[in-house]
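Chain residues, written in single-letter form:
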Amino acid sequence: MGNADNVYPDKNAERAHRVAIPPPQPFLKSFTASMKETFFPDDPLRQFKNQPPSRKLILGLQYVLPILEWAPRYSLQFLKADLIAGITIASLAIPQGISYAKLANLPPILGLYSSFVPPLVYAMMGSSRDLAVGTVAVASLLTASMLGNAVNANENPTLYLHLAFTATFVAGVLQASLGILRLGFIVDFLSHATIVGFMAGAATVVCLQQLKGILGLEHFTHGTDLISVMRSVFTQTHKWRWESAVLGCCFLFYLLLARYFSKKRSNLFWISAMAPLTSVIFGSLLVYLTHAENHGVQVIGQLKKGINPLSITHLAFGSPYMSTAIKTGIVTGVIALAEGIAVGRSFAMFKNYHIDGNKEMIAFGMMNIAGSCTSCYLTTGPFSRSAVNFNAGCKTAMSNIVMAIAVMITLLFLTPLFHYTPIVVLSSIIIAAMLGLIDYEAAIHLWHVDKFDFMVCMGAFVGVVFGSVEIGLVVAVGLSLLRVLLFVARPRTMVLGNIPDSVIYRSVDQYPNANNVPGILILEMNAPIYFANSSYLRERISRWIDEEEDRLKSSGDTSLQYVVLDMGAVGNIDTSGISMFEELKKSTERRGLKLVLANPGGEVMKKLNKSKFIDLLGQEWIYLTVGEAVGACNFMLHTSKPKTVAADSEAGSDNV
């Protein structure tokens, strides 16, 4: 503990420091600054300051269309790298696109359409160099699950298709709006634990759904929960096709083996990337040569040639199922945003560059709006495709353009080649991709680090597997919000002690060698004080005082005289918090104790001053540091006899 005599050498000594109250600011200026900090922490307009009008126009266009920034510096070396990466991800995008469209109960050709237009839009507007745009399994499953509850895709395929386009349009508008309004923090409510559990549950459900293709079943449940799927599988044992099952297991083994070799040797990434396309080629040749479609092996059938037809007139805004499309668009849009931004940030971290989350949202939104008008359904940046793009050595978003051109060539000339592609191969491709999303190591890590995060993860997983995708998402987000509320409503408070031979005060639980200061209770509050936690803090502080007085009585030490509150972590306070301090002051005075504040922030001091609490407490009882507060209290303890503050609180301040 610091020597009080050094801080206060005699009773006429002045305080070393005084806690300042920030000067008042005009309301409009203060409100504008607060809103700017909330919605524009990255200050996107900073680059426009002190620039001539022509330069501002160029910077504005580059901000909206990042391709204008990197295209002038594009080189032949970059083109070679992006050409290889683009062709590589195209080989993955074509079979995956067809597979995921089938998963969404949409025509397979839509998977190819969705790998043509959206990547072109993202290449112009996206800020990530590594993100490879396309359809994803989770969004496909959500589309099938949520739209399928209202419209049967087999009985009314046209209406179902139009609702899928409408849901994609709604998702795009939502994503772009979140980016334009700088509301990207909403996506942050999907915590890491939530995403781990949700992705694992969705991947499990997707794998179970593929049993229909693996076993060659024609009729299957529309439910996504484990019980419905298992019931559908085992009530149709007489319809299982062994030919389809054997073929599916062989291709699944091949895909997993290719992934294993790619993981063992990073320079062999292309083996895993090419495996889906080679599976489609071998599977199609096998069916064509053996006429396996006549022996229970289902095939894709005819795919239309030609690039994306316009679908803007098919948006079903007047449909009685519009509410279903809106709900589907909102849920799938948020999930797609969370996955795409998380993937983009992950790869940007590897290459040491920054991506703007709000610009990414605008890019995702615009590509889905454009996609909904050109026969595409929801797209984002899937991890598997982006990982292949990254490993293939892409340099810019040009790899997306190369991929789109490759898909366009496929649409114009090569679609007849997919006629004999077996459904079971597509099911194997989906299962192999989904197994990579079940990150059990991350779940084990959550268990070791944070049990509540593990509960959130398992809540999402169990909700998806045994309920539905929507239930799992609601459970996970609900648990995450509950944790946020608990952090706000039940903030940590702790007793501080003095580190020997220093003026540092730390938690006595964290530092067992920290000494309690005789006659002084030092408490630290680790959260802003709001209406949600003010009552709890008042009761918790009172309990700390009771426990300290009991301890001092049992040990026979000096009786408690001062309660010092370290407010360094209290970033803000509302009127309920101020009322709590007023009640706490009265409560401590009735006990014969003096309340002392240490290290309050500027926002807190402003509100305490406006509420006249500083006048009520006395400016002399507010200190810049805990060390100064303890030094002053020690000085009082050593220069005056113990007395109740209620009897003569002014005498203590005169001595200071």
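Details of the structure are given in the entry above.
A brief structural summary. (Residues numbered from 1 in each chain as written. Predicted model: local features only at pLDDT ≥ 70, side-chain atom pairs only at ≥ 80, totals over all residues. Heavy atoms only, no water.)

### Focus on the sheet that holds strand β2 (residues 505–507)
The criterion, for reference: We treat two strands as partners when DSSP finds at least two bridges between them. Helix and strand assignments come from DSSP, with helices taken as H or I runs of at least 4 residues and strands as E runs of at least 2, each series counted from the N terminus.
Spatial strand order, β2-β1-β3-β4-β5-β6: six strands in an open sheet with mixed pairing. On the outer flanks of this sheet lie β2 and β6 (622–623), each paired with one strand and no other. In this structure, strand β4 (residues 562–566) lies alongside strand β5 (residues 594–598), joined through five bridges in parallel fashion. Each bridged residue has a counterpart across the sheet, and for V564 the counterpart in β5 is V596.

### A look at unusual backbone geometry
The line we're drawing: Only protein chains enter the accessibility calculation, which uses a 1.4 Å probe. A residue is then buried if its area is under 20% of the maximum for its type, exposed if over 50%, and partly exposed in between.
Backbone geometry places S375, a non-glycine residue, at a positive phi of 60°. Looking at the secondary structure, you find S375 in the loop between α16 (357–372) and α17 (383–391). Residue classification places S375 among the buried residues on the basis of a relative accessible area of 6%. Phi is positive for N599, which is not a glycine, with a value near 60°. Turning to its location among the elements, N599 is positioned in the loop between β5 and α25 (602–610).

### Digging into the nonpolar core
Convention followed: As used here, the term nonpolar core means buried Ala, Val, Leu, Ile, Met, Phe, Trp, Tyr and Cys residues forming a set that is joined through side-chain atoms within 4.5 Å. Pairs of residues are marked as contacts when any of their non-hydrogen atoms sit within 4.5 Å.
Among the nonpolar cores identified, the biggest contains 98 residues, and I98, L106, L110, L142, F198 and M434 are the most heavily contacted of them. Here this core takes ten residues from helix α19 (residues 423–435), the largest share from any one element. Dropping the residues within four chain positions of it, L110 is found in contact with L161, F165, S375 and Y377. By size, the runner-up hydrophobic cluster in this structure holds 49 residues, among which are I573, L595, A632 and C633.

### Focus: the pairing of β5
The two faces of the sheet receive side chains in turn, since in a regular strand these alternate between them. To keep things clear, this is the line we draw: Seen with the strands pointing away from the viewer, any crossover whose path from the first strand over the helix to the second strand runs clockwise is right-handed.
Most of β5 sits out of view: five of its five residues are buried. Burial along β5 is two-sided: K594, V596 and A598 facing one way and L595 and L597 facing the other are all buried. The parallel pair β4 and β5, bridged by helix α24 (residues 575–590), forms a crossover whose chirality is right-handed. Where β5 lies against β6, two bridges are found, and the strand directions are parallel. Note on β6: the bridge partner recorded for L597 is I622.

### Regarding helix α12 (residues 226–234)
To be explicit about the condition: By arc we mean the arc of the directions from the helix axis to the C-beta atoms, nothing more.
Within α12, the full set of buried residues consists of S228, V229, S232 and V233. The buried side chains of α12 occupy one side of the element, clustering within an arc of 130° when seen end-on. The exposed set on the far side of α12, more than 90 degrees from its buried face, consists of R231 and F234. Among the structural elements, α10 (192–209) and α11 (211–214) are those in contact with the buried residues of α12.

### Quick notes on the packing of aromatic side chains
To keep it simple, the criterion reads: Any Phe, Tyr or Trp ring, taking Trp's six-membered ring, that has another such ring centre within 6.5 Å forms a pair; planes under 30 degrees apart are called stacked, those over 60 apart edge-to-face, and the others tilted. Remark: a charge is flagged as sitting over a ring if the NZ atom of Lys or the CZ atom of Arg is within 6 Å of the ring centre and within 35 degrees of the ring normal.
Taken as a whole, this structure holds eleven aromatic pairs when the rule is applied. Considering the side-chain rings of Y562 and W621, the 6.1 Å spacing of their centres and the 35° angle between planes classify their relative orientation as tilted. With a gap of 59 residues between them, Y562 in strand β4 and W621 in the loop between α26 (613–617) and β6 connect regions that are remote in the sequence. The two residues Y562 and W621 agree in class, both being buried. Joined through ring pairs, the aromatic side chains of W70, Y74 and F78 make up one cluster. The residue whose ring lies beneath R129 is Y353, and the NZ or CZ to ring-centre distance is 4.1 Å. Over the ring of W447 we find K451, and its NZ or CZ is 4.7 Å from the ring centre.

### Some words on the side chain of T166
The cut-off we apply is this: Contacts described as polar in this section are N or O atom pairs within 3.5 Å, which, within protein, must combine one atom able to donate a hydrogen with one able to accept it, while residues neighboring in sequence count only if both atoms come from side chains.
Mapped onto the elements of the fold, T166 is located in helix α9 (residues 157–180). With a relative accessible area of 0%, T166 lands in the buried category. Of note is the side chain of T166, whose polar atom sits 2.7 Å from the backbone nitrogen of A316.

### Side note on the pattern of salt bridges
The line we're drawing: Any carboxyl oxygen of Asp or Glu that lies within 4 Å of a side-chain nitrogen of Lys or Arg is treated as forming a salt bridge with it.
A complete count under the given rule lists eleven salt bridges for this structure. When the shortest N-O distance is used, the salt bridge between R483 and D450 registers 2.4 Å. Here R483 is found in helix α22 (residues 469–489), whereas its partner D450 is found in the loop between α20 (440–449) and α21 (451–466), with 33 residues between them in sequence. The burial state of R483 is the same as that of D450; both residues are buried. As a salt-bridge pair, D546 and R591 come within 2.7 Å of each other at their nearest N and O atoms.

### Remarks on the environment of V402
Looking at the element boundaries, V402 is found in helix α18 (residues 398–414). In this structure V402 comes out as buried when scored by relative accessible area, which is 11%. Not counting the four nearest positions on each side in its chain, V402 is found in contact with D82, L83, G86 and I87.

### A word on the pairing of β4
Counting buried positions along β4 gives five out of five residues, so the element sits mostly inside the fold. Across the two faces of β4 the burial is the same, with Y562, V564 and D566 and V563 and L565 all buried. The pairing of strand β3 (residues 520–525) with β4 spans five bridges and is classified as parallel. Opposite I520, over in β4, you have Y562 as the bridge partner. Each parallel crossover has a hand, and the one from β3 via helix α23 (residues 534–555) to β4 is right-handed.

### Some points on the side chain of T379
Along the chain, the position of T379 falls in the loop between α16 and α17. On the basis of relative accessible area, T379 is assigned to the buried category, the value being 1%. With sequence-adjacent residues up to four places away left out, T379 is seen in contact with S114, P118, V133, G134, T135, M367 and N368.

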